[in-house]
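Structural features, examined
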Amino acid sequence: MSPKAVNVRVLTMDSELEFAIQPNTTGKQLFDQVVKTIALREIWFFGLQYTDSKDFPCWLKLNKKVLGQDIKKSSSQPLTFKFRARFFPEEVSEELIQEITQKLFFLQVKESILTDEIYCPPETCVLLASYAMQAKHGDFNEEIHRPGSLVNERLLPKRVMEQFQLSPEEWEKRVVNWWKEHRGMLKEEAMLEYLKIAQDLEMYGVNYFDIRNKKGTELYLGVDALGLNIYDKQDKLTPKIGFPWSEIRNISFNDKKFVIKPMEKKSPDFIFYAPRLRINRRILSLCMGNHELYMRRRKTDSIEVQQMKAQAQEEKLARLQERERIQAEIDRRKQAEQEREAMRRKVEDLERNAAEARRALEDQSRITKELEEKRKQAEDAQSRLKQEREEAEKEHERMMERVRYEQEEKDKIVQEIEEARRLAEQKAIEAQQKENEARELEEQLREAKMRYRHKKRGHSRPWVLQSQQQQPNNNHHYMEHPGEYGNPIEDEESDEEDNSTTRNGRGVELRTNEYASRHEENRLTATTKDHNMKRKLEALKDELGSVQNSNKVTENDRLHQQNVASGRDKYKTLKMIRQGNTKKRIDEFESM
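Residues numbered from 1 in each chain as written. Predicted model: local features only at pLDDT ≥ 70, side-chain atom pairs only at ≥ 80, totals over all residues. Heavy atoms only, no water.

**Looking at the overall build of the chain**
Threshold: Think of it this way: any DSSP run of H or I at least four residues long counts as a helix, any run of E at least two long counts as a strand, and we number them from the N terminus. The globule rule used for comparison is 2.2 Å times the number of residues to the exponent 0.38, while the radius of gyration itself is calculated over C-alpha atoms. The buried label applies to any residue whose accessible area, calculated with a 1.4 Å probe on protein chains only, is under 20% of its type's maximum; exposed applies above 50%, and partly exposed to all values in between. Surface accessibility follows the Shrake-Rupley procedure with a 1.4 Å probe radius. Residue values consider only the protein chains on display as shielding. Under the convention used here, Asp and Glu are negative, Lys and Arg are positive, and both His and the chain ends fall outside the count. Lysine's charge is taken at NZ, arginine's at CZ, aspartate's at CG and glutamate's at CD.
Along the backbone of the chain there are 15 helices and 13 strands. Over its C-alpha trace the chain gives a radius of gyration of 58 Å, far above what one expects of a compact globule, namely 25 Å for 592 residues. By the burial criterion, 35% of the 592 residues in the chain qualify as buried. For the chain, the exposed surface amounts to about 38400 Å²; the carbon and sulfur share of it is 49%. Taken as two groups, the 109 positive and 109 negative side-chain charges of the chain have centres that lie 8 Å from each other.

**So, the pairing of strand 8 (residues 227–232)**
Applicable threshold: When DSSP finds at least two bridges between two strands, those strands are taken to pair.
A large share of strand 8 lies buried, amounting to five of its six residues. Inspection of the sheet shows strand 7 (residues 218–224) paired to strand 8 by six bridges, in the antiparallel sense. Bridge assignment links L221 to a residue of strand 8, and that residue is I230. Here strand 7 folds back onto strand 8 in antiparallel fashion, the turn holding two residues. The pairing of strand 8 with strand 9 (residues 241–244) spans four bridges and is classified as antiparallel. Paired with G227 across the two strands is P244, which belongs to strand 9.

**Brief notes about helix 15 (residues 582–591)**
Stated precisely, the cut-off is as follows: Relevant arc is that of directions from the helix axis to the C-beta atoms, nothing else.
What helix 15 keeps buried is the set T582, R585, I586, F589 and E590. With its buried residues spanning 145 degrees around the axis, helix 15 presents them on a single face.

**Here's the deal with the packing of helix 6 (residues 168–179) against helix 12 (residues 531–545)**
Selection rule: Angles run from 0 to 180 degrees between N-to-C directions of axes, and those axes are lines fitted to C-alpha atoms, restricted for helices to the stretch in contact. Any angle between 65 and 115 degrees counts as roughly perpendicular, while under 35 counts as roughly parallel, over 145 as roughly antiparallel, and the rest as oblique. By the convention used here, residues are in contact when the closest approach between their heavy atoms is within 4.5 Å. Gly falls in the polar group here, along with every residue not listed as nonpolar (Ala, Val, Leu, Ile, Met, Phe, Trp, Tyr, Cys, Pro) or charged (Asp, Glu, Lys, Arg).
One can describe the packing of helix 6 onto helix 12 by two numbers: an axis separation of 13 Å at closest approach and a directional angle of 170 degrees. If you check the angle between helix 6 and helix 12, you find them roughly antiparallel. Listed contacts from helix 12 to W171, R174 and W178 of helix 6 are K536, L537, L540, E543 and L544. Looking at the contact of helix 6 with helix 12, its residues break down into five nonpolar, no polar and three charged.

**Examining helix 6**
For the record, the criterion: Expected span, for any helix, means 1.5 Å times one less than how many residues it has.
Compared with the 16 Å implied by 1.5 Å per residue over twelve residues, the 16 Å span of helix 6 between its first and last C-alpha is a close match. Turning to helix 6, its buried residues are W171, E172, R174, V175, V176, W178 and W179. At its buried positions, helix 6 is contacted by helix 4 (122–137), helix 5 (158–163) and helix 12.

**Describing the packing of aromatic side chains**
Under the convention used in this document: Here the aromatic set is Phe, Tyr and Trp, taking the six-membered ring for Trp, and pairing holds for ring centres within 6.5 Å; pairs whose planes are under 30 degrees apart are stacked, those over 60 apart are edge-to-face, and all others are tilted.
The full count for this structure, using the stated rule, is 18 aromatic pairs. When the centroid spacing of 5.9 Å and the interplanar angle of 35 degrees are considered together, the rings of F31 and F83 count as tilted. With F31 in helix 1 (residues 27–37) and F83 in strand 5 (residues 79–85), the pair connects residues that are 52 residues apart, well separated along the chain. Residue F31 is classed as buried on the basis of its relative accessible area, which comes to 4%. Ring plane angle 75 degrees and centroid distance 6.2 Å describe the contact between Y50 and F81, whose orientation is recorded as edge-to-face. With Y50 in strand 3 (residues 46–51) and F81 in strand 5, the pair connects residues that are 31 residues apart, well separated along the chain. Across this residue pair, the class does not change: Y50 and F81 are buried.

**Notes on unusual backbone geometry**
Even without a glycine there, the phi angle at A39 is positive, about 60 degrees. Of note, D55 is a non-glycine position whose phi angle comes to about 65 degrees, a positive value. Tracing the chain through its elements places D55 in the loop between strand 3 and strand 4 (57–59).

**Focus: the side chain of S130**
Heads up, the rule is: We call two N or O atoms a polar contact when they sit within 3.5 Å, provided that within protein one can donate a hydrogen and the other can accept it, with sequence-adjacent residues counted only if both atoms are side-chain atoms.
Considering the arrangement of structural elements, one finds S130 in helix 4. Within polar-contact distance, the side chain of S130 engages the backbone oxygen of L127 at 2.5 Å. Setting aside its immediate chain neighbours within four residues, S130 contacts V175, W178, W179 and H182.

**Comments concerning the pattern of salt bridges**
As a reminder of what qualifies: The rule for a salt bridge is simple: a side-chain nitrogen of Lys or Arg has to be within 4 Å of a carboxyl oxygen of Asp or Glu.
Scanning all chains against the criterion turns up 53 salt bridges. For R154, the salt bridge goes to E111, with nearest N and O atoms at 3.1 Å. Note that R154 is positioned in the loop between helix 4 and helix 5 and E111 in helix 3 (residues 99–114), a separation of 43 residues in sequence. Taking relative accessible area as the criterion, E111 reaches 32% and is therefore assigned partly exposed.

Next comes the structure, spelled out in structure tokens:
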């Protein structure tokens with residue numbers, strides 16, 4: 001009966017893998033299976049991490065059986081490992097060859113920055129977030145990435161979000177402003193640019209350990225790709241003493257005592273003490289791996305690495321050619337789309353012009369019809385006027401006839417009156433002549449004439465008064481109407497400790513070239529090289545300073561500000577703490 005297989009789960013930074021292993025499977029066999037599955041060739045940076053029975057993080061030993069190591073077990077869950085970078089490169093752009101390697105480092109470093117495991121100043125966090133968005137989404141697209149669409153993205157560390165009086169939307173706006181400048185950058189290029197900036201952070205790639213010197217002073221030992229550094233207990237950003245790997249020839253430990261022998265023969269041993277034996281084992285393992293990579297970098301690349309770089313260069317060239325082809329196709333499609341759009345607009349213009357012509361023709365027809373109706377109305381009116389004029393002329397003739405008739409009648413009356421007057425005068429003469437004959441008759445005749453005259457005057461005067469009273473007084477018809485005015489309205493608006501009881505020490509002789517290059521001491525940070533980026537970072541820093549909550553400023557923020565004010569960066573500090581001979585620096589460590 002064959003041994004029962006055991007299920008294991010391996011978590012990479014972007015996937016979850018499951019394998020079935022045998023009880024005799026070694027750590028190397030499992031590791032090889034993982035890297036083969038994800039097609040990773042730069043295996044020297046990585047390891048499998050697990051949690052031991054005491055909840056300490058540990059690295060899987062490749063030369064031992066997997067099930068023989070102190071892995072925390074669960075009855076309901078398979079054995080779980082994390083595939084993580086254990087050692088870090090000095091220069092990501094030169095050492096990380098494969099795209100998968102760059103991606104795994106990018107995701108791991110990004111997670112460390114977002115969880116504040118690696119301190120990053122606020123303005124640099126915004127810049128890194130813009131590269132992370134380019135690496136994840138590609139070019140910024142206003143149609144897709146509308147305001148508020150990135151609110152649920154993990155853009156910045158919680159420390160940064162809480163330290164400034166800015167809403168998530170305001171942070172998003174600042175990230176997007178930088179993101180727009182990365183247009184045309186491939187996702188792989190964005191990840192590499194992210195790492196090139198992140199590698200200049202003081203805590204990048206450093207493993208910290210609690211140690212004490214001979215005096216008992218509690219300190220931190222920092223182990224990274226460039227060497228060993230000593231830190232004050234209150235400051236993980238600024239090392240006080242440094243030892244490059246090229247100065248170390250032997251490392252060993254005995255129980256809690258750790259001994260480092262320098263290359264300088266006259267220099268004393270560099271001795272410190274760890275709180276537990278397991279820590280010294282981890283320090284030794286990290287020192288061996290980092291030292292080997294440090295010395296390898298300063299030699300000619302191996303045939304394997306040269307082949308990998310050549311293959312990566314070919315793949316990069318192929319990607320660039322494919323990118324150019326795709327861009328050319330995009331340009332062609334864009335041009336075709338523009339031509340189609342121009343044709344569509346031309347057709348729309350023609351249709352619009354035709355519609356306007358139809359409307360103009362309809363308007364002209366309507367106007368013509370209206371004019372025809374008006375012409376008919378004018379002819380009818382002219383006809384009516386002619387008829388009325390004829391009738392008026394006839395009426396005028398009738399009136400003139402009547403006037404002539406009345407004039408003739410009047411003339412007859414005048415003649416009759418004149419005749420009567422002559423007869424009256426004649427009668428008066430006759431009466432005068434007969435006065436003497438008949439006085440009584442004369443007297444009666446006189447009275448009759450007086451009555452006649454009186455009667456004639458009485459009818460004439462009242463008629464004059466009446467005509468005067470009937471004249472209208474137009475002044476009484478005048479009336480004023482006051483105007484109306486409206487009121488204006490205003491608009492409102494852990495490595496496990498072996499189960500054996502042995503406490504024997506272990507040591508290793510390092511193959512060290514004391515003349516190896518220490519070019520890292522003269523390196524410049526990415527932001528120092530790029531003056532435009534440096535200027536923008538300083539501008540953003542000044543802008544954020546006006547909305548900073550001083551109560552939320554952390555100790556690391558203050559330490560970083562002090563370093564900047566002193567003109568120090570990671571590499572300037574490194575050069576400064578390595579000054580003097582090894583003996584002098586060891587003496588400084590002992591006196592701390």
